[in-house]
Structure formats: structure tokens, C-alpha cells
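Results of the structural survey
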Amino acid sequence: MNDINKEKIIIIDFGSQVTKLIARRVREIGVFSEVLTLNQLKKIRSFKKIKGLILSGGPATVTKKLFPKIPMQIFSKNIPILGICYGLQLIAKSFGGKVKSGNKKREFGRAILKKNKNSLLTKNFFKKNKTKVWMSHQDIVYKIPKGFNKIASTKDSALTIIENKKKKLFGIQFHPEVTHTDNGEVLIKNFIFSICKAKKMWKMNYEKGRIIKAIKEKVKKEKVICALSGGVDSSVVAILIHKAIKNNLKCIMVDTGLLRKNEFRYTYKILKSKYKLNIKLIKASDLYFKKLKNIYDPEKKRKIIGNLFIKIFEKEAKKIKNVKFLAQGTLYPDIIESRSATGSKTSKIKSHHNVGGLPKNMRLNLIEPLKELFKDEVRKLGKSLGLVDPILNKHPFPGPGLAIRILGKVSPKKVKILQEADNIFINELIKKNLYKKIWQAYAALLPIKTVGVMGDSRTYEFTCLLRAVTSKDGMTADYFNLPKDFLDEISNKIINSVRGINRVVYDITSKPPSTIELE
Ligand code: XMP
């Protein structure tokens, strides 16, 4: 995906968890960037279009005999270089500074940074000569290299920002790319615009072309299969691949009977007619209901649904001859979330089922065109592909579908009741312009019946729970403050029009301690 004709910022990846976040920050301010490994960097012949280099953080240490480094001659190409964390330590070491393992002085989390000297890099970055930054380091630079100035420091690391103005070299120990650093984007903008003099040239349309070109180069004349769930990620993946290789893309859509009201038909129709996708439709709802009969346990439900999906998908995929690739809608946060900062496995809360990530034993090569992007960037990409609003801005929806929103036993009758209630709730949110302010909203059916009175008769029916949350990434969430008028109205509407529900409750817990889904 290396485009030598574009002015760009190159980010050298030394293995930090947040390297791609640097790339995202650079894209956000409209400048084209590429993340390269050291090996890719060594293959670059012309540096003409490279406006700046950012050296990422990483787990290595320059205190060892062997450590990853960039060739020394790159430092003399008069290209501005910003080293972040390991990047700073590498710059310091390369120019005769001293770095040691700061066992006692390591810094993780927030730290207060104090300004020592003015710098173009930190213009408008400090408030009253101070700011809060996010640190994650063990090694510290304790002797400044010759020709460098100290720009800022924290209590535990005196050389938190250093610069060599003449050589255009800058090093910072903290991470400006994470949102926990106040004003981090100001520092990145200063580097990109004031120091590198880069121009705003990056647009989502450019990214689209780049991805399509890369797919063409990778797939050539081979066939790709893709499981389409109808959510924004898999739809964007399928449309992109279709643009690249046309009908060599074969999509499979499995109707589990566990989607929202009318959603399966709508998505199938539109993806087939408007985007001309080659889709094989598999009706499997009877099978899903049969397998889920009498199952209460959430984890069992999730496993049954996930495994059944694999079986159906594999069976159908095998019918398509000579397939070499499997397309998946993996996003960058999916990759970060599966690793923890220390490299240890994070504890399992729920076994997530994702339509994309399944057949492991099919020996297919993976294509994951969205794996460097975040959800909001995928939406922008979808928009530039002309994806229709109901798919583009659809709230996230879990792989196991309504089965984990019907607590306890699942049956076609309960699905029908829930689909009706959920449909009323979602449509009302759209009508009242609330839908786009909410990260995720849904109705669930609780496994308890309560007594009610309608007209003069006693009722004994299900309770419907409504949930609406705000979130940035689904990792943490807060309940959305729905106006009282809205709650009054929606409760009435649901009870008056859905047979089987006589009570509506609104979930007011955040995540943590709760999760977004109920099972
Ligand atoms: P929780 O309930 O863990 O959900 O707070 C966080 C986000 O993940 C979605 N979710 C899933 N997505 N397959 C998915 O693709 C799953 O099995 C699954 N379970 C939960 C959930 O809807 C929320 O957006």
C-alpha cells in the first residue's frame, strides 16, 4: 500500500499497542500517513515525499546490547523526526545520551508535565506552564545528548521532552496520541504542520482507493468469500471487495431468525440490488430455534449460535469451488482489545461471537481491509462508498442477536414480541432525533411475568426492558438520559401495541458495573 507519490508522514512501528492510534491522529488532522516496519523503512529509496518521521513506542529497551534502531543516515536527511517513548530513548541513545532502566522511577498512567523552555513543538500545549500527560514507560533518559535542549519534565523523568532544533529532532516520553493526554492533538499538529510543514491532503476517498488497490493486488484472480451480517463493518468490507474484484466475491448471509424486525430482508435486498453483491441466502431460523429450545444459560446460547454459524458457513463455503480468501470486518479496536497492555490475556467476560471471525480450519487466507480503522472511520468510509443510512448508522448489534436479549428460553413467539417492542423503541428514537446521539439502544424481554390491569381485566405478561447507552468504543458506557416525556410515550406505545408485554422498565446502569448486553 506504499504510495510513493503522496506527501506523507511515516510512522515507524516499534511494536507499541497504540502505534495505529498515532496514524489515526495524523489522518484526523487531514495528513496522509503510513505505518511501516523497520524492514519496510530500510527498503525506501527516495525520501523526497516524506515530510516527517514518527518513531513509535514499543516493548524493547535500548539498555540491552541489541535493540531495534533506524539506520543512522536517516537522521541526517534533514527530515523532522519525533520519537515517542521508545522513540525518544532511541534518539537519545543514538546521539550519545544515556538511558537506564527506571525500575524505581517507572511511570504508568497520568503525570504532571512542567514546561522548562519554549519550543515550536509545545506551542499552546501547556496551560500555565503545566499539563497532564499519559505515561507508560520503564526506561528513562537520564543524560541529555549533546546538542539537545530540555523542554519539559515530570517529577520522575527530568528529560520528558527534548529537542535538537537544528537537526529537527524531537523526543517525548509520554503518549500524545491517547486521549488521556490533555491537548495531545495540539502537540501532534505542531509537529505535523509547524515543523514538518505537511499539507492537508488526506481524505477518506483516498483511503478508499488505496484499500481497493491493495485488495486487487493481493487477491488477483482468486475467489473471496465473505459472511455478511448486514452490519456496517461486513457491508463496507463486501462493497469494497466487490469494487476490487467484482463477482469473484461470494457473500453468504445466514438468516438466523434472530435479527431485528424486517432487518434481514431489508439488508439482503439492498445489498443485492443497490450494490450488486453476489449473495447466497441461507434460511436457517428453524434450525436455530430447534437448537436453542430449552436453553437458559447465556454462555450455552452463545456457544450454540456461534458453532451453528460455523457449521452452516463452512458447509456453504465448501460448495464454492477454488476459494482462496476469507474476508473479515475486523476493526483496529478488535485487535487491541484481544491483547492487554502487558501482553497477558484479559479475563473473559462473555464469549463474543463475531460473524467474521470464524472458520479457523478452512485454511483460507484472511483479508481484513478495515483492520487499521476505527468504527467512526469505517462509517466515513461507508459514506464515501454510498452506503445507505440505515446500515451506515446502525447501532452495533451482537452476533448472537436477539437470543441474548431474550433472557432465558428463546422461542419464535418471544422473538416476535421482542421484535415488535424493539421496532417501536428504535423508530421512536429515530423520529425524535435521539438515535444518532446514542451508541446503542435496544429492547430486551425479561424472563418474568408480572400482573397488570388493562381495562377491567387482569393481565399476566412479560416485562420489556429498554436500554440506551452512550459510549466511545463499547468498552465503557453510561446510560443515556432519555427525556421523561419520551419514556412516558414509549411505555404507552409498547404496552398498547404489543400483545404479551404489560410492563416497561428502563435500565439505568453504566458499564462497568453492568455490561451493555444483558447476557
Ligand atoms: P458488552 O455486553 O460486553 O458489549 O458490554 C459490548 C459491545 O459488544 C457487543 N457484543 C457483541 N458483538 N458479537 C459481537 O459482534 C458478540 O457476541 C457480542 N456480544 C456483545 C455489544 O452489543 C456491545 O456493543
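None of the values given here were measured: they were computed from a predicted structure.

**Quick look at a positive patch on the surface**
Together, Lys69, Lys93, Lys98 and Lys143 make up a region of like positive charge exposed at the surface. Structurally, Lys143 can be placed in strand β8 (residues 139–143).

**Overview of helix α11 (residues 375–384)**
Within the sequence span of α11, burial applies to Lys375, Glu377, Val378, Arg379, Leu381 and Gly382. Contacts from the buried residues of α11 go to α1 (19–28), α5 (204–219), α6 (232–245) and α12 (389–392). Once α11 finishes, Gly386 follows within two positions and takes phi at roughly 80 degrees, a positive value.

**Brief notes about the sheet that holds strand β13 (residues 249–255)**
Spatially, 5 strands are ordered β14-β13-β12-β15-β16 in an open sheet, and the strand pairing comes out parallel. Among the strands making up the open sheet, the edge pair consists of β14 (279–283) and β16 (365–367). Averaged over neighbouring strand pairs, the angle between their axes works out to 30 degrees when direction is ignored.

**A closer look at the pattern of salt bridges**
Where side chains of opposite charge bring their charged atoms close, a pairing between them can arise. Scanning all chains against the criterion turns up 26 salt bridges. Lys199 serves as the salt-bridge partner of Glu7, at 3.5 Å between the closest nitrogen and oxygen. On the criterion of sequence distance, the pair formed by Glu7 in the segment before β1 (8–12) and Lys199 in the loop between α4 (184–195) and α5 is long-range, its members being 192 residues apart. A salt bridge links Glu207 to Arg210, with the nearest nitrogen and oxygen atoms 3.5 Å apart.

**Side note on the packing of α6 against α11**
Interhelical geometry of α6 versus α11 gives an angle of 45 degrees and a closest axis separation of 10 Å. As judged from the angle between their axes, α6 and α11 are oblique. In this structure, α6 crosses over α11, and the sense of that crossing is left-handed. Of the residues in α11, those in contact with Val232, Asp233, Val236 and Leu240 of α6 are Lys375, Val378, Leu381 and Gly382. In terms of residue class, the contact of α6 with α11 is built from 5 nonpolar, 1 polar and 2 charged.

**Examining the sheet that holds strand β7 (residues 130–137)**
Ordered in space as β2-β1-β3-β4-β11-β10-β9-β6-β7, the 9 strands form an open sheet in which the pairing is mixed. Each edge of the sheet is formed by a strand with only one pairing partner; in this case those strands are β2 (33–36) and β7. Adjacent strand axes in the sheet meet at a mean angle of 25 degrees, parallel and antiparallel pairs treated alike. Summarising the sheet, strand β10 (residues 161–164) and strand β11 (residues 169–172) pair through 4 bridges and their orientation is antiparallel. Opposite Asn164, over in β11, you have Leu169 as the bridge partner. Contacting β1, β2, β3 (50–55) and β4 (81–84), α1 runs over the sheet at an angle of about 165 degrees to β2. Relative to β4, helix α3 (residues 86–94) is tilted by about 120 degrees, and along the sheet it contacts β3, β4, β7, β10 and β11.

**Examining the side chain of Asn190**
Mapped onto the elements of the fold, Asn190 is located in helix α4. When sequence neighbours within four positions are dropped, the list of residues in contact with Asn190 reads Leu120, Leu121, Thr122, Lys123 and Ile195.

**Some details on the environment of Lys220**
Note that Lys220 resides in the loop between α5 and β12 (223–227). Classification of Lys220 by relative accessible area gives exposed; the value is 62%. Distance in space between the C-alpha atoms of Lys220 and Lys449 is 57 Å, their sequence separation being 229 residues. Excluding anything up to four places from it in sequence, Lys220 contacts Ile215 and Ile245. There is a polar contact of 3.3 Å between the side chain of Lys220 and the backbone oxygen of Glu217.

**What about unusual backbone geometry?**
Residues Lys511 and Pro512 are joined by a peptide bond in cis, for which omega reads -15 degrees. In this structure, Pro512 sits in the segment after β20 (501–506). With omega at 15 degrees, the peptide bond leading from Pro512 into Pro513 counts as cis. Following the sequence through the fold, Pro513 ends up in the segment after β20. Even without being glycine, Lys220 reaches a positive phi, approximately 50 degrees. Within the chain, Lys246 stands out as a residue other than glycine whose phi angle is a positive 50 degrees. With respect to the helices and strands, the residue Lys246 is situated in the loop between α6 and β13.

**Points about the pairing of β13**
In terms of burial, β13 is a largely internal element, 7 of the 7 residues being buried. Residues Leu249, Cys251, Met253 and Asp255 of β13 are buried on one face, and the alternating residues Lys250, Ile252 and Val254, pointing to the opposite face, are buried as well. Pairing analysis gives 4 bridges linking β12 to β13, with the strands arranged parallel. Directly across from Ala227, in β13, lies its bridge partner Ile252. Direction of pairing for β13 relative to β14: parallel, over a ladder of 5 bridges. Its bridge partner lying in β14, Met253 is registered against Leu281. Of the crossover connections in this fold, the one passing from β13 over helix α7 (residues 263–273) to the parallel β14 is right-handed.

**Side note on the environment of Gly83**
In this fold, Gly83 is placed in strand β4. By relative accessible area, which is 0% here, Gly83 ends up buried. Here the alpha-carbon distance between Gly83 and Lys318, two residues 235 residues apart in the chain, equals 49 Å. Setting aside residues up to four positions removed in sequence, Gly83 forms contacts with Leu55, Leu88, Ile91, Phe170, Gly171 and Ile172.

**What about the packing of aromatic side chains?**
Applying the stated criterion across every chain, the model contains 10 aromatic pairs. Centre to centre, the rings of Phe75 and Phe95 are 5.0 Å apart; their planes meet at 80 degrees, and the pair counts as edge-to-face. Here Phe95 lies in the loop between α3 and β5 (98–101) and Phe75 lies in the loop between β3 and β4, a separation of 20 residues in the sequence. In this pair, the class of Phe75 matches that of Phe95, namely buried. Summarising the aromatic geometry, the rings of Phe125 and Phe174 are spaced 5.9 Å apart at their centres and angled 5 degrees between planes, so their arrangement reads as stacked. You can see Phe125 sitting in the loop between β6 (107–115) and β7 and its partner Phe174 sitting in the loop between β11 and α4, a full 49 residues away along the chain. Each member of the pair Phe125 and Phe174 is classed as buried. One aromatic cluster in this structure is built from Phe75, Phe95 and Phe148. Seen from the ring of Phe67, Lys69 lies directly overhead, with NZ or CZ sitting 4.5 Å from the centre. A cation over a ring is seen here: Lys100 above Tyr142, with NZ or CZ 4.9 Å from the ring centre.

The rules we used
- Within any chain, residue numbers begin from 1 and follow the written order of that chain's sequence.
- Where local features are concerned, this predicted model is filtered to residues with pLDDT of at least 70; where side-chain atom pairs are given and counted, the filter is 80 or more; whole-chain, interface and lining totals use all residues.
- Each side-chain value is worked out from all heavy atoms of the structure, with water and hydrogens disregarded.
- A patch consists of residues exposed above 30% relative accessible area that lack any salt bridge, with like charges linked at up to 9 Å and nonpolar side chains (Val, Leu, Ile, Met, Phe, Trp, Tyr) linked at up to 5 Å.
- In short, Shrake-Rupley with a 1.4 Å probe defines the accessible areas, and a residue's cover is counted only from the protein chains shown.
- The term salt bridge refers to a pairing of a side-chain nitrogen on Lys or Arg with a carboxyl oxygen on Asp or Glu at a separation within 4 Å.
- In this tally, Lys and Arg are treated as positive and Asp and Glu as negative; His is ignored, and so are the chain termini.
- Note on charges: their place is set at NZ of Lys, CZ of Arg, CG of Asp or CD of Glu.
- The numbering of helices and of strands both runs from the N terminus, where a helix is a DSSP run of H or I of at least 4 residues and a strand a run of E of at least 2.
- Working definition: with a 1.4 Å probe on protein chains only, accessible area under 20% of the residue-type maximum means buried, over 50% means exposed, and in between means partly exposed.
- Any pair of residues with heavy atoms lying within 4.5 Å of one another is described as a contacting pair.
- We call two strands paired when DSSP finds no fewer than two bridges between them.
- Every axis in this analysis is a line fitted to C-alpha atoms, fitted for helices over the stretch in contact. Angles between the N-to-C directions lie between 0 and 180 degrees.
- Should an angle lie under 35 degrees it is considered roughly parallel, over 145 roughly antiparallel, and from 65 to 115 roughly perpendicular; all remaining angles are considered oblique.
- Here a crossing is taken to be left-handed if its near helix is turned anticlockwise relative to the far helix by less than a right angle, and right-handed if that turn runs clockwise.
- Throughout this entry, Asp, Glu, Lys and Arg are counted as charged residues, while Ala, Val, Leu, Ile, Met, Phe, Trp, Tyr, Cys and Pro are counted as nonpolar. The remaining residues, Gly among them, count as polar.
- Two N or O atoms count as a polar contact when they lie within 3.5 Å, although within protein this holds only if one can serve as hydrogen donor and the other as acceptor, and sequence-adjacent residues are included solely when both atoms are side-chain atoms.
- Here, the term right-handed applies to a crossover whose path from the first strand over the helix to the second runs clockwise when the strands point away from the viewer.
- Any Phe, Tyr or Trp ring, taking Trp's six-membered ring, that has another such ring centre within 6.5 Å forms a pair; planes under 30 degrees apart are called stacked, those over 60 apart edge-to-face, and the others tilted.
- We call a charge positioned above a ring when the Lys NZ or Arg CZ atom is no farther than 6 Å from the ring centre and deviates by at most 35 degrees from the ring normal.

Shape is all these values report; function is a separate question.
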